[in-house]
Every structure is written in C-alpha cells, then in structure tokens.
Amino acid sequence: MSLTEVTPSPAPVSFRPAAPRRPDKPVGPIGFLLGMWTNPLSTWSRQSFELPVVRADGVMGKVTVISDPAAIRHVFVDNVANYRKDALQLRVLSPGLGNGLLTAEGDEWRAQRRALAPLFTPRVVETFEPAMIECAEWLTARWAPLREGRRLDVSAEMSRVTLEVLQRTIFPAGLKRDPSDFATAMSRYFDRIGQVHPFDVLGLPKWAPRVGKRDTTRELRFFAEATADLVAERRATLDDRPDAPRPRDLLGLLLTARDPQTGEGLTEAEINANILTFIGAGHETTAAGLTWALYLLSQRPEWRARVEAEVDDVLAEGFRGPETIDRLVAVRATFEEALRLYPPAATLSREAIGPDEVAGHAIRAGETIVVSPWVLQRHRTLWERPDDFVPERFMPGARDTIDRFTYLPFGAGPRVCIGMGFAMREGVILLASMLRRFRFDLAPGHEVEPVQRITVRPRGGMPMILRHR
Ligand code: HEM
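Residues numbered from 1 in each chain as written. Predicted model: local features only at pLDDT ≥ 70, side-chain atom pairs only at ≥ 80, totals over all residues. Heavy atoms only, no water.

## Observations concerning the overall build of the protein chain
Cut-off, in case you're wondering: A helix here means a DSSP run of H or I that spans at least four residues, while a strand means a run of E at least two residues long, and both kinds are numbered starting from the N terminus. Computation of the radius of gyration draws on C-alpha atoms alone. For the globule rule, the value is 2.2 Å times the number of residues to the power 0.38. With a 1.4 Å probe rolled over the protein chains alone, any residue whose accessible area is under 20% of its type maximum counts as buried; one over 50% counts as exposed, and the rest are partly exposed. We call two residues contacting when some pair of their heavy atoms lies within 4.5 Å. Accessible areas in this description were obtained via Shrake-Rupley with a 1.4 Å probe; residue shielding takes into account the shown protein chains only. In this tally, Asp and Glu contribute negative charge and Lys and Arg positive charge; neither His nor the terminal groups of the chain are included. Every charge is mapped to an atom, namely NZ of Lys, CZ of Arg, CG of Asp or CD of Glu.
Check the secondary structure of the protein chain and you find 18 helices and twelve strands. Taken over C-alpha atoms, the radius of gyration comes to 22 Å for the protein chain, in line with the 23 Å a tight globule of 469 residues would show. Along the three orthogonal principal directions, the C-alpha set of the protein chain runs to about 65 × 60 × 40 Å. Expressed as a percentage of the 469 residues in the protein chain, the buried residues total 55%. Taking the contacts inside the protein chain whose residues are at least 6 apart along the sequence as the reference set, 74% of them involve residues at least 24 apart. Total accessible area on the protein chain is roughly 20000 Å²; 54% of this is exposed by carbon and sulfur atoms. If you average the places of the 62 positive and of the 60 negative side-chain charges in the protein chain, the two averages end up 3 Å apart.

Here's what the structure looks like:
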C-alpha cells in the first residue's frame, strides 16, 4: 500500500505528545535488561520504527520484530496454528492470571473462548449501554461539586470508573470488595508484575530470588479472597434455588460452561483465573486509553473545541440508543488516535511451534515473534506524521483507508481482544459524557512520561486541572 492511500489530510495544528527518547542504535544486553526493568518502551531504537523486520539474537534468544502488515497477518491469521503465547509473557502474567482466557492455550483456550463469547456479541454488548451511561453519570455527578481549578489524578479516576462499568455489566452481582480497593490493588499489582525482572527475561528458574522485585503476595491474597467469596456466594444461590433463571453474567457462564465433547466444566482454578483476567484486562486497558485521550485533547484546544461542539450537539437530548454513539465520530476518532499513540497493550508476542518463513526470513521452532503496537502504530513507513496527535485520520472516510494490520490496539486473529466492542462503546460513552460537562488541562509543570507496566500508563499518574463547562 502506498503512503498516499493511508494518509489523512494534514491537520491544521501539530502536537507531538510525550514519548521516550529513541536510542539511535539497538540497545545492548545490559541496556535491554535495564530497559525491561524500568520502562520497556525505552528499549525500542530508531531502526524499529523504520524497518519492516528487525532480527535480534540476544538475551531472549532469537527474536524477530515484525512491522510488516502482510507478515503480521501471516503470523496472527494465516498460519496462526503455528504460534502460541511465548514463555516470557506467561512468566509475567501467570502468577495471577493463571490459565485464564488471556494465557490459556490449545483446547483449554478454545473451550473457554467458546463458553465466554456469548457475553461479548454485538447484541449483548449493546444491552450494556444503559449501565455504561449510568456509570458515566455516576462519574460526572461525583465531579459536579468539585471546585473549578481542582487538581485531579485523571488516571486514578479512569481506573475507578472503568471498574464500576465492569461491576454493572459483566459482574452485576458486584465484586464483593470496595471497588476503590479493587482498583488500587489491580493498579499496584500491574505496576509490580509489569516491572519485568532481568531473571524473568533470562528465563532463570523460579527459585532464583528476584532481588528488587516488589512483592505481590498481598494483592494476590486480596484477589484470591475476593474471587473465592464471589464464587461461593453464586454457588450458594444456585444451590438454594436450582430452578431459578441462571444469570447470564460472566460468573454464570464460567460456572455453567461445559465442554461439548467431554461435558466437563471449567476447573476452580480456571474460574478464578478468568475472574481476575476479566477484571485486569477489562478495566486497566480502557482506563489507560481514556487517560491518554484526555491528555491529548488538552494539548490541541482547537480539536477539543470541535469535539465539544459535537458532544453538545449529539447529546443535547442525552443518549438515545446506539445511533447516538454512531454519531459521536470525533469522540471515537479521538479515542482511536489515543489507542494508536498509546496502545494499552504495547507488545504482542508469540513463539513459533514449528519452522516457518516470515517476510522472507526463516523462523525456527522456539523463536519469538514480537509485534509491538507501540512500534507499528508509530512506524515511519506506515503512517504520516506517526508521532503527532492527528485524530482526523480516524474520521469517517479517512478511517477506511487504514490497513487492518497497521493498527492493532486490540490484536488480531482468533485471539483478538474479546472485549473490543465493549471497550470501544465504553470509551466513547465515557469520553463524550465527561467532555459534555468538564474540560481538563494538564497540571502546570507536570512532565508526562508514558511507561509500560503491563499497560502503557503515565508514570506517576496524570494530574489535570478540572474546569466546569
Ligand atoms: C481499550 C481497551 C482494551 C485494549 C486496548 C485491549 C487489548 C487487548 C489485546 C491487544 C489483546 C490480545 C493479546 C494478544 O493477542 O496477545 C486482548 C485480549 C483480551 N482482552 Fe482486551 N483490551 C481492551 C479491553 C478489554 C475489555 C473491556 C475486556 C473484557 C471486558 C478485555 C478482555 C480481554 C481478554 C479476556 C483477552 C484474551 C482473549 C483471548 O486470548 O482469547 N479487554 N486485549
């Protein structure tokens, strides 16, 4: 595809949002280990953003980073059976997320995906809309009494409201803990496991002490107890009233799922891992996307004015069903551009099961393939003004020219994010509702720094100044 086919008309005003400095040359082994520990985003050198394929043979063995849309399609779709999630990813995620949907493989993954898919069809996600709107109202009512000019950590606020959305949609019976405590524990947990220890990169055995790695025992205990309470309460209800209609929420589906071949249900460990997977994958990601969207809007006031005008017009009579959301095109474009510049899931990685050929390179069994939305979505050959905030590129018309495999905030292929439709709807509803009533400016003097800690989030939060509209 030629550049002209994928480019929007230039935006009138330019703004280059915060990003780590790119080393001119690929970082050496020590720099890489250090970078993985402090901020994996800082390990990407200039050439990654310029070449379609970068091969390395370093501390992680042979790694091929691909930013070539056809090659990505090959690995994620056409020859997907030859790839599985790689060992490092599993080492980082498994302590908490166990064999939940995000980390399971093969038949186990297939059975879980089949069992949970009914909760995420477009029709079911549409039924979550009123609850998402209620959460948006809950958030704006929370801010209404705050004085003009009040400083708020928008990042924490977004974590809290997206957790509220999960509580009122896929966990309607609640999470059995104070949602603020849950949001804090999850944020702290991701912060800690997302600091990838050199020993984990090197694949050293578990018994080798990870000096410097912050302990997550407390958070894991908190999650385990909350999950156990949730499951116990639901089982008791099912036992007490066996004939009562079974709620088709996440917990209901997890508890009643049966493998069509064996008739077996999910194990207790799988159920627990999935509860945590959906809480983790389902709120920190969307929260990060919304936080970045508010930051980006604050830096392009003329675009923000345009989005505000759209919101005032479309929401003059409130949300009136899915058509209202379809009309919020500038809000959606802003959210999509935020997910381009700051993809919450910045690295997707796979391990080759057998030999393959990718973009003309021979891949041997066991080698790692990395597709980084962070790199791909800022790649010089695929995007015009790749590092600038240009939401116009996602406006109707321009959006259709974007190749499916150059924009992967939700991944692709059979393991594409199950919550994609959910997150997009939620993102548009929350963003539009916030912008209808409030305007945020970055706190003066605050230096924004994106850091990858499972999700890409602002280091130290995102302090912003609240203004009433
Ligand atoms: C902006 C928000 C979100 C982003 C950027 C995002 C991103 C992603 C990505 C990139 C993957 C694929 C990972 C891979 O291929 O290795 C994924 C998978 C997944 N996501 Fe999301 N996600 C978001 C929201 C959600 C929500 C709202 C939920 C649930 C309510 C969710 C649940 C999951 C699950 C369970 C998987 C594993 C799917 C599978 O392997 O079958 N995500 N997500």
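## Describing helix 8 (residues 154-168)
Since the α-helix turns once every 3.6 residues, residues separated by three or four places project in the same direction. We apply this condition: Helices are assigned an expected span. That span is 1.5 Å times one less than the residue count. Side-chain atoms alone can form a polar contact between residues adjacent in sequence; in general such a contact is a pair of N or O atoms within 3.5 Å, and within protein one must be able to donate a hydrogen while the other accepts it.
Here helix 8 contains 15 residues, and its C-alpha end-to-end distance of 21 Å stays within 8% of the 21 Å for a straight helix at 1.5 Å per residue. Among the 15 residues in helix 8, 13 count as buried, and that is most of the element. By the N-cap criterion, in which a side-chain oxygen at the helix start approaches the backbone nitrogen of a residue two or three places on, helix 8 is capped by Asp 153, the distance to Ser 155 being 3.1 Å.

## Regarding the site of the ligand
Put simply, the test is: A single heavy atom is enough: if one lies within 4 Å of a molecule or strand, its residue is considered near that molecule or strand. Lys, Arg, Asp and Glu make up the charged group, whereas Ala, Val, Leu, Ile, Met, Phe, Trp, Tyr, Cys and Pro make up the nonpolar group; the residues left over, Gly among them, are polar.
Inspection of the region around the ligand gives 26 residues, with Lys 85, Trp 109, Arg 113, Arg 350 and Cys 417 positioned closest. One nitrogen or oxygen atom from the side chain of Arg 113 is found 2.7 Å from an oxygen atom belonging to the ligand. Within the side chain of Arg 415, one N or O atom sits 2.9 Å away from an oxygen atom of the ligand. Among the elements of the structure, helix 5 (106-116), helix 13 (268-298), strand 5 (348-352) and helix 18 (420-437) are those that each provide at least two residues to the shell around the ligand. Among the residues forming the shell around the ligand, the class breakdown is 17 nonpolar, five polar and four charged.

## What to know about the coordination of the iron atom of the ligand
Note the following rule: Any N, O or S atom lying within 2.8 Å of the metal counts as a donor, and for Na, K and Ca the limit rises to 3.2 Å; water is left out, so some sites can look incomplete.
One donor from the polypeptide reaches the iron atom of the ligand: Cys 417 (SG), at 2.3 Å. Note that Cys 417 resides in the loop between helix 17 (373-376) and helix 18.

## Looking at the sheet that holds strand 9 (residues 438-442)
To summarise the sheet geometry, strands pair through backbone hydrogen bonds and adopt either a parallel or an antiparallel arrangement. Rules: Strand pairing requires that DSSP identify at least two bridges connecting the strands. Note on method: axes are straight lines fitted to C-alpha atoms, helices fitted across the in-contact stretch only, with angles between N-to-C directions ranging 0 to 180 degrees.
Taken in spatial order, the three strands of this open sheet run 4-12-9, and their pairing is antiparallel. Of all the strands in the sheet, just strand 4 (151-153) and strand 9 have a single pairing partner and so form its edges. Ignoring which end each strand starts from, the neighbouring axes of this sheet average 45° apart. The sheet contact formed by strand 4 and strand 12 (residues 463-468) spans three bridges and is antiparallel. Following the sheet pairing, Leu 152 is matched in strand 12 by Met 464. Against the sheet, helix 7 (residues 129-143) touches strand 4, strand 9 and strand 12, its axis set at about 70° to strand 9. Here helix 8 sits on the sheet in contact with strand 4, strand 9 and strand 12, set at roughly 55° to strand 4.

## Things to note about the pairing of strand 1 (residues 53-58)
The pairing of strand 1 with strand 2 (residues 61-66) spans six bridges and is classified as antiparallel. For Val 54, the partnering residue across the bridge sits in strand 2 and is Val 65. Between strand 1 and the antiparallel strand that follows it, strand 2, lie two residues.

## Observations concerning the packing of aromatic side chains
The condition is simple: For Phe, Tyr and Trp, rings pair up if their centres lie within 6.5 Å, where Trp contributes its six-membered ring, and each pair is then called stacked (planes under 30 degrees apart), edge-to-face (over 60) or tilted (otherwise).
Using the criterion set out here, one finds 17 aromatic pairs in the structure. Plain terms: the ring middles of Phe 15 and Tyr 295 are 6.2 Å apart, the flat faces sit at 75° to each other, and that makes the pair edge-to-face. With Phe 15 in the loop between helix 1 (3-6) and helix 2 (29-38) and Tyr 295 in helix 13, the pair connects residues that are 280 residues apart, well separated along the chain. We classify Phe 15 as buried; its relative accessible area is 13%. Ring geometry for Tyr 342 and Trp 374: centres 6.3 Å apart, planes at 50°, overall tilted.

On their own, these measurements won't tell you what the molecule is for.
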